[in-house]
Amino acid sequence: MSSLNQTDTAPSSSSSLISNSFYLIGISTFAAFCVYKYIFRSKKQIKTNSIVIIGPSQSGKTSFFYYLLGKEKTETVVSMQMNEVDNFKSKFLKSSYDLIDIPGQGYFKESILENIQEAKMILLFVDSTERSSIVTAGEYLYDILNSDKFNVNVPFVIVCNKQDMNLPKNKKMIENNLATELENIKQIKQKNQLDDNAQVGVMFNMKQKFSFSMFKNIKFVESDKTSKYEGLIETMNKLLDDN
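Residues numbered from 1 in each chain as written. Predicted model: local features only at pLDDT ≥ 70, side-chain atom pairs only at ≥ 80, totals over all residues. Heavy atoms only, no water.

1. A few points about the overall build of the chain
Applied cut-off: Put simply, DSSP H or I for four residues or longer makes a helix, DSSP E for two residues or longer makes a strand, and each gets a number counted from the N terminus. For every residue, the accessible area (1.4 Å probe, protein chains only) is compared with the maximum for its type, and the residue is labelled buried under 20%, exposed over 50%, or partly exposed between those bounds. Whether two residues touch is decided by their heavy atoms; if any such pair falls within 4.5 Å, the residues are in contact. Residue-level accessible areas treat just the shown protein chains as cover; the underlying method is Shrake-Rupley with a 1.4 Å probe.
Of regular secondary structure, the chain possesses seven helices and six strands. Along the chain, helices and strands appear, N-terminal first, in the series α-β-α-β-β-α-β-α-β-α-α-β-α. Sorting the 243 residues of the chain into buried and exposed places 40% on the buried side. Within the chain, counting contacts between residues at least 6 apart in sequence, those at least 24 apart form 73% of the total. Carbon and sulfur atoms make up 54% of the accessible area of the chain, which amounts to about 13900 Å² in all.

2. With respect to the packing of aromatic side chains
The criterion, for reference: Centres within 6.5 Å make a pair out of two Phe, Tyr or Trp rings, where for Trp the six-membered ring is used; the pair is then stacked when the planes are under 30 degrees apart, edge-to-face when over 60, and tilted otherwise.
The final tally for this structure, using the stated rule, is nine aromatic pairs. Taken together, a centroid distance of 5.5 Å and an interplanar angle of 40° make the contact between phenylalanine 64 and phenylalanine 125 tilted. Separated by 61 residues along the polypeptide, phenylalanine 64 in helix α2 (residues 61-68) and phenylalanine 125 in strand β4 (residues 121-127) bring together distant segments of the chain. Per residue, the accessibility class of phenylalanine 64 equals that of phenylalanine 125, and both read buried. Ring geometry for phenylalanine 64 against tyrosine 229: centres 4.9 Å apart, planes inclined by 70°, an arrangement best described as edge-to-face. Within this pair, whereas phenylalanine 64 is found in helix α2, its partner tyrosine 229 is found in the loop between β6 (218-222) and α7 (230-242), the two being separated by 165 residues in sequence.

3. Details of the side chain of asparagine 217
As a reminder of what qualifies: Between N or O atoms, a polar contact is any pair within 3.5 Å; within protein, one atom must be a potential hydrogen donor and the other a potential acceptor, and residues adjacent in sequence are included only when both atoms are from side chains.
Summarising the element assignment, asparagine 217 is placed in the loop between α6 (202-205) and β6. Since its relative accessible area comes to 9%, asparagine 217 is described here as buried. A polar contact is formed between the side chain of asparagine 217 and the backbone oxygen of valine 154, at a distance of 2.7 Å. Those residues in contact with asparagine 217 that sit more than four places away from it in its chain are Phe150, Asn151, Val152, Asn153, Val154, Pro155 and Phe156.

4. A closer look at the sheet that holds β4
Operational definition: Pairing between two strands requires that DSSP report at least two bridges joining them. Every axis in this analysis is a line fitted to C-alpha atoms, fitted for helices over the stretch in contact. Angles between the N-to-C directions lie between 0 and 180 degrees.
Here six strands make up an open sheet; going across it, the order is β2-β3-β1-β4-β5-β6 and the pairing mixed. Of all the strands in the sheet, the pair left with one neighbour each is β2 (83-88) and β6. Across the sheet, the axes of successive neighbouring strands diverge by a mean angle of 15°, strand direction being ignored. Note: β2 against strand β3 (residues 97-101), four bridges, orientation antiparallel. Each residue of the ladder has a partner; that of glutamate 84, found in β3, is isoleucine 100. Relative to strand β1 (residues 50-54), helix α3 (residues 109-116) is tilted by about 155°, and along the sheet it contacts β1, β3 and β4.

5. So, the pattern of salt bridges
The cut-off we apply is this: The rule for a salt bridge is simple: a side-chain nitrogen of Lys or Arg has to be within 4 Å of a carboxyl oxygen of Asp or Glu.
Counted by the stated rule, this structure contains eight salt bridges. A salt bridge links lysine 94 to aspartate 241, with the nearest nitrogen and oxygen atoms 2.7 Å apart. One end of the pair, lysine 94, is in the loop between β2 and β3; the other, aspartate 241, is in helix α7, and 147 residues separate them in sequence. Owing to a relative accessible area of 56%, lysine 94 belongs among the exposed residues under this scheme.

6. Some points on the environment of lysine 189
Looking at where lysine 189 falls in the secondary structure, it is placed in helix α5 (residues 171-192). By relative accessible area, lysine 189 is classed as buried at 10%. Considered as a pair, lysine 189 and methionine 203 are 14 residues apart in the sequence and their alpha carbons are 9.6 Å apart.

7. Observations regarding the nonpolar core
The test is simple: Put simply, a nonpolar core is a bunch of buried Ala, Val, Leu, Ile, Met, Phe, Trp, Tyr and Cys residues held in one set by side-chain atoms that sit within 4.5 Å of each other.
Counting 37 residues, the largest nonpolar core has Ile54, Leu141, Phe156, Ile158, Leu178, Phe210 and Phe212 as the members making the most contacts within it. Considering each element in turn, this core owes the most residues, seven residues, to helix α4 (residues 131-145). Setting aside residues no more than four positions away along its own chain, phenylalanine 156 makes contact with Ile122, Leu124, Leu141, Ile144, Phe150, Asn217, Ile218 and Lys219. In this structure, Tyr67, Leu68, Val221 and Leu240 belong to the second largest nonpolar core, which totals 22 residues.

8. Let's talk about the pairing of strand β5 (residues 156-161)
Formally: We call a crossover right-handed when, viewed with the strands running away from us, the connection from the first strand over the helix to the second turns clockwise.
Among the six residues in β5, six count as buried, and that is most of the element. The alternating pattern of β5 places Phe156, Ile158 and Cys160 on one face and Val157, Val159 and Asn161 on the opposite face, and all of these are buried. Where β4 meets β5, six bridges bridge the pair, whose relative direction is parallel. Along β5, the bridge assignment pairs valine 126 with cysteine 160. With α4 bridging β4 and its parallel neighbour β5, the resulting β-α-β unit is right-handed. Sheet topology places β5 next to β6; five bridges connect them, and they run parallel. Among the inter-strand pairings, valine 157 is bridged to a residue of β6, identified as lysine 219.

Here it is as structure tokens:
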């Protein structure tokens, strides 16, 4: 009787082993597909005719993105995902561009570095009324300028936004504040041998005191929604024409 029971359970054990093997093969295949899809999608997302809009949260970058689209965005909720449109002809610009608006949270840092490498223009928005916005913008700038993905020939506009609000800093004050922030970050990283970008870049190797005069492609523009971003759009069209 015992022998008969052992014989009966053998096929069941074998069947279970085969079932588990198929399960593991299925999981492995699915994982490989996900990795392939992620890599393919990441490569596909790098655009070569883009205007990349970045900046700290609440700096007004998403409002400007929608303004270029001819839409009104009145809510002030923090963006949690990238906004993108391909080959869009804004009535405010002379040609068609891919428009990319990247949220201000820190975990989007890699998305910023990936998208700027083939950009036609970079817009970094700063809330001119908030000291914290300027500090965060300095951290953005260090990572970008120190990255090997940054093209020094691409027009880079630092948008001193919200000039229509109470007590905004003008563009010269923001330029000086940002230069001080960048110099402080550079000194701290050099002293502690810290390099977040996993390579020793231009900023990390810089011996002299930081100055924006070293980067001829970086321009400062005052802007606000009340004036319909007039100065910013004029600067964008001029720089895009020159390039």
